[in-house]
There are 2 protein chains.
Amino acid sequence: MGEVDAGDTGSTRSGGRRGRRARQSGASDAFDQLAWGQPRMIYPPVPVVSQDELESIHQASLTVLEEMGVEFLNQEAKQILKEAGVDVPSDSDRIKFDRGLVEECLGKAPSEFTMHARNPQRNLQIGGNWIANCAVASAPNCADMDGGRRSGNQEDYRKFLKLGHMLNIVHMFGGYPVEPVDIHASIRHLDCLSDFVTLSDKVFHAYSLGKERNLDALEIVRIGRGITDAQLDAEPSLMTVINSNSPLRLDVPMLQGIIEMARRNQVVVLTPFTLAGAMAPVTIAGAVVQQNAEALAGLVFTQTVREGAPFVYGGFTSNVDMKSGAPAFGTPEAMQAAMLGGQLARRYGLPYRSSNVCAANAVDAQAAYESVFSLWGAVMGGVNIVKHGAGWMEGGLHASFEKMILDADLLQMVACFLKPLEVSDDTMALDSIREVGPGGHYFGTAHTQARYKSAFYSPILSDWRNFESWVDAGRPEAFGKANQVFKQLLTQYEAPPLDAAIAEELETFVAKRKEEGGAPTDF
Amino acid sequence: MGEVDAGDTGSTRSGGRRGRRARQSGASDAFDQLAWGQPRMIYPPVPVVSQDELESIHQASLTVLEEMGVEFLNQEAKQILKEAGVDVPSDSDRIKFDRGLVEECLGKAPSEFTMHARNPQRNLQIGGNWIANCAVASAPNCADMDGGRRSGNQEDYRKFLKLGHMLNIVHMFGGYPVEPVDIHASIRHLDCLSDFVTLSDKVFHAYSLGKERNLDALEIVRIGRGITDAQLDAEPSLMTVINSNSPLRLDVPMLQGIIEMARRNQVVVLTPFTLAGAMAPVTIAGAVVQQNAEALAGLVFTQTVREGAPFVYGGFTSNVDMKSGAPAFGTPEAMQAAMLGGQLARRYGLPYRSSNVCAANAVDAQAAYESVFSLWGAVMGGVNIVKHGAGWMEGGLHASFEKMILDADLLQMVACFLKPLEVSDDTMALDSIREVGPGGHYFGTAHTQARYKSAFYSPILSDWRNFESWVDAGRPEAFGKANQVFKQLLTQYEAPPLDAAIAEELETFVAKRKEEGGAPTDF
């Protein structure tokens, strides 16, 4: 993983080679951005409960699995479990898992693995103390300052892909940033997945919405990487998020997704949708007991399909607003749940997925504080995959172009916060302190001059001008600046190189599958 | 400290008794607020460097003190040091402190103490894992949506005091929220300090701007509490922040402040003003070495004045924008510095002061993210006193009424995040999970019904309405809501009860001191 160096303190102008070319052609760059690289959680993750309490939650989850069980709504899945010796009743979908069986499955999935992108320089390390940020995913609507809020469409979808590709701090796509509903559902996945390959070279995600879509995605990722089936089976390259239908249910497409993805050694991120007070108990401990039971049921099934298949423990427990039933994000309770989820994932030796989410309708102070609180809980909880890392608004109901830039700034700040604070004779600067002496200043010292360009993070949005200059500039706020930045960034986009043979094979495959009618839409 | 119960999960309508009375009189309340109480840092503070690295920083600071020394610009201070056996040169203000002397002083100041308010229910525990939030302090300007940004004045000063008094999550006043420059500087402290006593019953702060002001403040706090000099000497009741004139200098009013305050066993919060790249080395390690040297010089002097006098280790290290020289706040570097300061304070067994600060001109996303990042660094660094907890904007150049409400929301969220996550049979809710079963929902369960009112934090500002309702309501943003809240809160203000004899004694003292001409203005 030498190419992913979180210790790199350098920054590049946006777009790297592309950015330089853009400058040469006269366009000015939108902002400085950090060099490509995954941050690492260099501090000890913060435990939110004691070891004994953690064990109580683990045991309570095992009790849920053993006594109440989880509904598996798919025949093939039940058959797989039955063949593995699990007691599958003939008259019910309710599968009860012996606690011994669950304990046996712990340790089978890898605690860390590499996800392969079509550009090896975009490979990601998942697990350990590595962090990978995803772009926002699955929003039905999108919005920007100019066009307001609107239904998702292909044009906006592609713009998000281009931005996500250009932002170094966005490491992967965790789904469609916005759902392009102007493309028919039967072929939407074909267009969207091939766009992932052609418009970016980063790792991406496939929705589990019927096995045909999983199979198409597996073929598209194989083509994109230009590898054989055998190599794909050996190298995790595609991710799917499996949301259990909380409480305690896994439906047909989710189970088919696990089967098709795990069978090919691809990455299952099992994320129970446990909003406390709605689909889970109103107490955070109770909601996480349920989350944990559902995640462990998914783990057992995944490892039954294929022992050693990569599995990510997903935590999405938040609370609802008990006055309206609306989901809330970035709350104190969600922070605790995020940290508790991380603590459980570490207990199981599994990579951990959390999110950067908010419930705000506007890119205002609320959007910012809910997002930073989300990141606080996720990062201090030891997150490995930050889903919805950049662009999520309104509880997931719209993806925002401006919020994507705001979040890129937040994620870059987190990355810098996680760079080791270097303590050495050089950085402790005794000579410089001696040189300056009482009452002096450090602006002109050699120590400062040698470091000032890269000493501090240079933010995308923060306006640090004095009040008078800021007033003269028209009192710009973060939302407006973000609007300028995303549009400027889009003008600098260039598609990453793609081998012509791969492009042709991809095109042929997509055309053939479209001719065949795509995938069923009755999922 | 039984009266300060951070475990209290209840919330009260704003203003408690006053709030109820306001409701009876027909006024509606501005928002739910948490009951009075200090949060506690229940998680282990996060170390930002290793023990060895921490020791290197400590030793480097001792080297600064031993080899370079600190300028003491006050004769009386030098005399005190001389009498204590410190080598004070006759031809220089530069005092060099033997490292053995510094080590000797460690452990003399209390690691935890009680600060006494005139209302004992507002007493605060400083140190240990207790957190106390201060209102914004020392801004020359103030602003709100209606009147824009303006110079500080007495009317606005009093409005901030009223708000700070009413907000339960604001535990103390760390200085004048805004500087009322319409009051002559010679008597300003008399009006401002007596306002602290009459408009609130919380702990407050005295500026060290010439010894006369310290002496007046000591007398005002004694009168306000209705106690003897001897009792005041036994009970820390007043705080002063001493900002060293970084690098490595303590000026006349700062040293006089330490002398007068420590002599009376009152609280010295020594906070070096070490902006990396300007008044301190451009590296965070170097800036903190210097911060630490200056703080330790203050500690040694304080303990020389009076062994055992309460001393708080203040950390304010942030960076400047190297392009403009403007101070930056809420940066990744400032977060690391905040955590490193806390690590040093814990090494010395001293209470730790950090801040909730931002550099934003507008109460926008930037104001919010810089503040939450500040709080993240401070809280995970083990902060005990959060200065500028509510209302700080523009790098301290203006106090904002709306930001005070926004920050109150942020501080309440932090307080809830720090409430212990209860893990018990009751909260793990196995019976409820069993009752609901696969595919059900929890809205109507007995477990939910018994808890839904207090289960989750109810935010002041967050707008969780769906998009359509939010559009119908005119697309309100956090800034506008905060404007409504602060104005509504002010209408509900009632002064806390004050014994008539105390009020008269205070009035007489202030009148006498005004007749005497107040305090010199050539500080």
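Bear in mind the structure is a predicted one, so any value in this text is a computation, not a measurement.

Thoughts on the overall build of chain A
Step number 1: Scanning chain A from N- to C-terminus turns up 19 helices and 22 strands.
Step number 2: The dimensions of chain A, computed from C-alpha atoms along their principal axes, are 80 × 60 × 45 Å.
Step number 3: Taking all 523 residues of chain A together, the buried fraction comes to 61%.
Step number 4: In chain A, the proportion of contacts linking residues at least 24 apart, taken out of those at least 6 apart, comes to 76%.

Structural notes on the interface of chain B and chain A
Step number 1: Each partner contributes to the interface: chain B provides 102 residues, whereas chain A provides 102 residues.
Step number 2: Sorting elements by how many residues they give to the side of chain B that touches chain A places helix α12 (residues 365-380) of chain B first, with 10 residues.
Step number 3: Classifying every residue of the side of chain B that touches chain A by side-chain character gives 63 nonpolar, 23 polar and 16 charged.

Focus on the pairing of strand β5 (residues 112-115) of chain A
All names here are of chain A.
Step number 1: Residues Phe-113 and Met-115 point to one face of β5 and are all buried, whereas Glu-112 and Thr-114, pointing to the other face, are not buried.
Step number 2: Relative to strand β6 (residues 124-127), β5 runs antiparallel, the two being bridged by four bridges. Paired with Met-115 across the bridge in β6 is Leu-124.

Section: the packing of helix α7 (residues 211-225) of chain B against helix α9 (residues 252-263) of chain B
Angle between the axes and distance between the axes are the two parameters that describe a pair of packed helices.
All names here are of chain B.
Step number 1: At a closest axis distance of 9 Å, the pairing of α7 and α9 adopts a crossing angle of 25°. Between α7 and α9, the crossing angle belongs to the class labelled roughly parallel. In this structure, α7 meets α9 at a crossing whose hand is right-handed. Packed against α7, whose contacting residues are Lys-211, Asn-214 and Leu-215, the element α9 presents Gln-256, Gly-257, Glu-260 and Met-261 at the interface.
Step number 2: Across the contact of α7 with α9, the residue classes break down as two nonpolar, three polar and two charged.

Regarding the relation of the copies chain B and chain A
Superposing the two chain copies requires a rotation about an axis and a translation along that axis.
Step number 1: Mapping chain B onto chain A calls for a screw motion: a turn of 180° about the axis and a shift of 0.0 Å along it, with 0.0 Å RMSD after fitting. Taken together, the rotation angle and the small translation identify this as a two-fold axis. Considering only C-alpha atoms, the residue of chain B closest to the rotation axis is B:Ala365, which sits at 2.0 Å.
Step number 2: A share of 100% of interface residues in chain B that are also interface residues in chain A marks the association as one of identical surfaces.

Re the pairing of strand β20 (residues 385-390) of chain B
Residues and elements named next belong to chain B.
Step number 1: Burial runs high along β20: six of the six residues are buried.
Step number 2: In this sheet, β20 lies alongside strand β7 (residues 132-135) in parallel orientation, the contact comprising three bridges. From the neighbouring strand, Ala-132 faces β20, where its bridge partner is Ile-385.

Re the sheet that holds strand β4 (residues 94-95) of chain B
Residue and element names in this part refer to chain B.
Step number 1: Pairing within the open sheet is mixed, and its three strands lie in the order β4-β3-β13. Strand pairing shows two members of the sheet lacking a second neighbour, β4 and β13 (249-250), which therefore form its edges.
Step number 2: Relative to β13, strand β3 (residues 70-72) runs parallel, the two sharing two bridges. Along β13, the bridge assignment pairs Glu-71 with Arg-249.

A few points about the environment of B:Lys487
Step number 1: The topology assignment puts B:Lys487 in helix α18 (residues 478-491).
Step number 2: Overall, the presence of 17 C-beta atoms within 10 Å leaves B:Lys487 in the partly exposed class.

Examining the packing of helix α12 (residues 365-380) of chain A against α12(B)
Step number 1: Orientation of α12(A) relative to α12(B), taken along the N-to-C sense of each, is 30°, at an axis distance of 7 Å. One finds that α12(A) runs roughly parallel with respect to α12(B). Seen from above, α12(A) lies across α12(B) with right-handed handedness. Here A:Ala365, A:Ala367, A:Ala368, A:Tyr369, A:Val372, A:Phe373, A:Trp376 and A:Met380 of α12(A) lie close against α12(B), whose contacting residues are B:Ala365, B:Ala367, B:Ala368, B:Tyr369, B:Val372, B:Phe373, B:Trp376 and B:Met380.
Step number 2: Looking at the contact of α12(A) with α12(B) residue by residue, the class counts come to 16 nonpolar, no polar and no charged.

Things to note about the sheet that holds strand β9 (residues 148-151) of chain A
All names here are of chain A.
Step number 1: Strand order in this open sheet of four strands is β9-β8-β22-β21, and the pairing throughout is mixed. Each of the sheet's edge strands pairs with one partner strand only, and the pair in question is β9 and β21 (392-393).
Step number 2: Where β21 lies against strand β22 (residues 398-400), two bridges are found, and the strand directions are antiparallel. What sits directly across from Trp-392, in β22, is Ala-399.
Step number 3: Across the sheet, helix α13 (residues 401-417) touches β8 (141-144), β21 and β22, and the angle it forms with β22 is around 65°.

Rules used in this analysis
- Residues numbered from 1 in each chain as written.
- Chains lettered and ligands numbered in written order.
- Predicted model: local features only at pLDDT ≥ 70, side-chain atom pairs only at ≥ 80, totals over all residues.
- Helix = DSSP H or I, 4+ residues; strand = E, 2+ residues; numbered from the N terminus.
- Buried ≥ 20, exposed ≤ 12 C-beta atoms within 10 Å, placed from the backbone.
- Contact = placed C-beta atoms within 7 Å.
- Nonpolar A, V, L, I, M, F, W, Y, C, P; charged D, E, K, R; others polar.
- Pairing = 2+ DSSP bridges.
- Axes fitted to C-alpha atoms, helices over the stretch in contact; angles between N-to-C directions.
- Parallel < 35°, antiparallel > 145°, perpendicular 65-115°, else oblique.
- Left-handed = near helix turned anticlockwise from the far one by under 90°.
- Least-squares fit on C-alpha atoms with pLDDT ≥ 70 in both.

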